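Listed below are the residues making up each chain.
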Amino acid sequence: MPSHDEFAFSTAPEPHRNRIREILRQHPEVRQLIGTNPLTLVWTVALVSFQLALAALMPRFSWWLVWALAFSVGAFANHALFVVIHECAHKLVFRRKLPNIMTAMFANLPLFVPGALSFQKYHLKHHAFQGVYELDADLPSRWEARLIGHSVLGKALWLMLYPIFQALRPIRIKEVPLLDRWTTANLLIQVGFDVAVYLVLGPKALGYLALSLFFSIGLHPLGARWIQRHYVTTEGDQETFSYYGFLNSLTFNVGYHNEHHDFPSVPWNNLPRIRAIAPEAYRDLSFHRSWTRLLFRFLFDPTLSLWSRVIRRNRNEIALDTPVTPDLQLILQEPAGVPGPT
């Protein structure tokens with residue numbers, strides 16, 4: 001496990017490509033799971049409509065009820081919309097890039113801050129360069145880890161303010177341009193939408209959406225997902241962890257994180273089938289069954305902190321703009337005559 005005041009350093013390449021190769025060799029049928037799921041758009045429309053309808057009711061309620069509804073209802077809806085944005089980043093809703101971008105910006109509307117398109121840029125680098133400090137914005141910054149330390153209060157404040165800390169990390173990723181036309185469009189559309197909600201529905205409606213955002217990825221059982229994915233919680237060299245609890249049914253199977261890193265070309269509805277087809281590939285990997293239990297462990301275990309991550313210098317000898325589809329790349333490298341995905 002990482003030391004108390006520094007990340008763990010690995011000389012190995014990122015851990016997923018070898019497992020992809022082995023699963024494809026033993027279970028070529030897993031290739032049939034690769035594709036898109038356009039029905040995700042239906043869920044997106046339903047979730048956005050639900051959040052806006054609930055926001056429209058907020059002026060009738062007292063502020064304490066606005067907070068309670070944001071924690072108990074809005075957080076789950078917004079977290080699911082984050083997962084939709086994640087699916088769009090990997091082009092798993094539609095085959096073409098533009099419809100995925102439009103779906104992501106639409107899903108972003110109830111999320112208060114304009115993060116859909118910037119998330120896409122930095123998340124794809126996280127897949128290609130997992131653990132590379134200069135390119136992986138999923139890693140906390142060193143100043144961030146030093147500031148938060150090991151105390152319960154520090155870690156609780158970090159989770160409560162997680163969207164702010166996450167928004168500051170791209171400053172570290174100097175090789176990726178911060179703004180482009182799509183992130184600028186995302187920013188302008190989101191600001192316009194937030195202003196419209198404030199003017200038409202009132203401050204409580206906008207407050208509900210903002211609170212739903214902070215709870216959905218912050219000091220909440222759902223916020224433990226950010227710990228679950230890559231924080232080292234066991235002895236050994238494992239650095240990606242899955243969650244196999246019941247909340248996957250409310251979050252588009254986002255807990256299947258090893259499976260997703262192994263096969264980023266597989267949409268959310270097929271992720272559980274990867275583990276079902278190749279159980280031996282995941283049998284010896286540690287995993288989590290409860291985000292709530294993990295949340296409390298992270299807060300109260302002084303050996304777990306923002307330093308509990310693995311970093312590396314190995315960039316896998318790939319270019320900065322490499323497509324993040326190692327599963328498809330390995331399939332395309334198969335000998336001629338071997339059928340690919342349908």
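Overview of the structure. (Residues numbered from 1 in each chain as written. Predicted model: local features only at pLDDT ≥ 70, side-chain atom pairs only at ≥ 80, totals over all residues. Heavy atoms only, no water.)

Another point: the overall build of the protein. Across its full length, the protein carries 16 helices and four strands. A globule of 342 residues ought to have a C-alpha radius of gyration of about 20 Å, and the protein, at 20 Å, matches this closely. If you line up the protein on its principal axes, its C-alpha atoms span 65 × 45 × 40 Å. Sequence-distant contacts in the protein: of pairs separated by 6 or more residues, those separated by 24 or more amount to 78%. Carbon and sulfur atoms provide 66% of the accessible area of the protein, an area that totals close to 15200 Å². (Helix = DSSP H or I, 4+ residues; strand = E, 2+ residues; numbered from the N terminus. Rg over C-alpha atoms; globule rule 2.2 N^0.38 Å. Contact = heavy atoms within 4.5 Å. Areas by Shrake-Rupley, 256 points an atom, 1.4 Å probe, with all protein chains shown as cover.)

Further remarks concern helix α10 (residues 203–216). The terminal C-alpha atoms of α10 lie 20 Å apart, and with 14 residues this matches the ideal 20 Å at 1.5 Å per residue to within 8%. The buried count for α10 comes to twelve of 14 residues, which makes it a mostly enclosed element. Considered for burial, the residues of α10 that qualify are Lys204, Ala205, Leu206, Gly207, Tyr208, Leu209, Ala210, Leu211, Ser212, Leu213, Phe215 and Ser216. Buried residues in α10 make contact with α2 (40–57), α3 (63–89), α8 (162–168) and α9 (181–201). (Expected span 1.5 Å × (residues − 1). Buried < 20%, exposed > 50% of the residue type's maximum accessible area, 1.4 Å probe, protein only.)

For Ile85, the location among the structural elements is in helix α3. With a relative accessible area of 4%, Ile85 lands in the buried category. Taking C-alpha positions, Ile85 is 6.6 Å from Ala107, a pair spaced 22 residues apart along the chain. Residues within four places of Ile85 in sequence aside, it is in contact with Ala104, Ala107, Asn108, Leu111, Ala116 and Phe119.

Here the focus is the packing of helix α5 (residues 116–128) against α9. At a minimum axis distance of 7 Å, the contact between α5 and α9 shows a crossing angle of 145°. On α9, the residues that touch Ala116, Leu117, Ser118 and Lys121 of α5 are Trp182, Thr183 and Asn186. Class assignment of the residues belonging to the contact of α5 with α9 gives a composition of three nonpolar, three polar and one charged. (Axes fitted to C-alpha atoms, helices over the stretch in contact; angles between N-to-C directions. Nonpolar A, V, L, I, M, F, W, Y, C, P; charged D, E, K, R; others polar.)

What follows concerns the pattern of salt bridges. In total, this model carries ten salt bridges according to the counting rule given. A salt bridge links Arg142 to Glu6, with the shortest nitrogen-to-oxygen separation between them at 3.6 Å. Of this pair, Arg142 sits in helix α6 (residues 142–148) while Glu6 sits in the segment before β1 (8–10), and the two are 136 residues apart along the sequence. Judged by its relative accessible area of 26%, Arg142 is partly exposed. The partly exposed category is assigned to Glu6, whose relative accessible area is 31%. Put simply, Asp138, Arg229 and Arg309 are held in one network by salt bridges that share partners. (Salt bridge = Lys/Arg side-chain N within 4 Å of Asp/Glu carboxyl O.)

On to the packing of aromatic side chains. The tally for this structure, following the rule as stated, stands at 16 aromatic pairs. Note on Trp158 and Tyr162: the rings are 5.2 Å apart at their centroids and 90° apart in plane angle, and the pair reads as edge-to-face. In this pair, the class of Trp158 matches that of Tyr162, namely buried. Joined through ring pairs, the aromatic side chains of Trp158, Tyr162, Trp226, Tyr231 and Phe298 make up one cluster. The ring of Tyr133 carries Arg142 above its face, with NZ or CZ at 4.5 Å from the centroid. Geometry around Trp226 places Arg225 over its ring, the cationic atom sitting 4.3 Å from the centre. (Phe/Tyr/Trp six-rings, centres within 6.5 Å; stacked < 30°, edge-to-face > 60°. Lys NZ or Arg CZ within 6 Å of the ring centre and 35° of its normal.)

We now examine a nonpolar patch on the surface. There is a patch of nonpolar side chains on the surface, built from Trp143, Leu147, Leu153, Leu157, Met160, Leu161, Ile164, Leu168, Ile171 and Leu219 and spanning about 900 Å² of accessible area. Going through the elements one at a time, α6, α7 (152–160) and α8 are the ones with two or more residues in the nonpolar patch. By secondary structure assignment, the location of Met160 is in helix α7. Among the residues examined, Met160 registers a relative accessible area of 38% and is labelled partly exposed. (Patch = residues over 30% accessible without salt bridge, like charges linked within 9 Å, V, L, I, M, F, W, Y side chains within 5 Å.)

In this structure, Trp158, Tyr208, Phe252, Trp291, Phe298 and Leu306 are the most contacted members of the largest nonpolar core, which totals 65 residues. When residues in this core are grouped by element, the largest group, twelve residues, is from α3. One finds Ile23, Tyr256, Val266 and Leu271 within the second-largest nonpolar core, a separate group that totals 17 residues. (Core = buried A, V, L, I, M, F, W, Y, C linked by side-chain atoms within 4.5 Å.)

Structurally, Gly35 can be placed in the loop between α1 (16–26) and α2. Every residue in contact with Gly35, bar those within four places of it in the chain, is listed here: Leu92, Ser265 and Pro267.

Okay, the side chain of Asn37 next. By secondary structure assignment, the location of Asn37 is in the loop between α1 and α2. One polar contact links Asn37 to Asn269, side chain to side chain, over a distance of 3.1 Å. If we ignore the near neighbours within four places in the chain, the residues touching Asn37 are Leu92, Val93, Pro267, Trp268 and Asn269. (Polar contact = N/O pair within 3.5 Å; in protein donor to acceptor, adjacent residues only side chain to side chain.)

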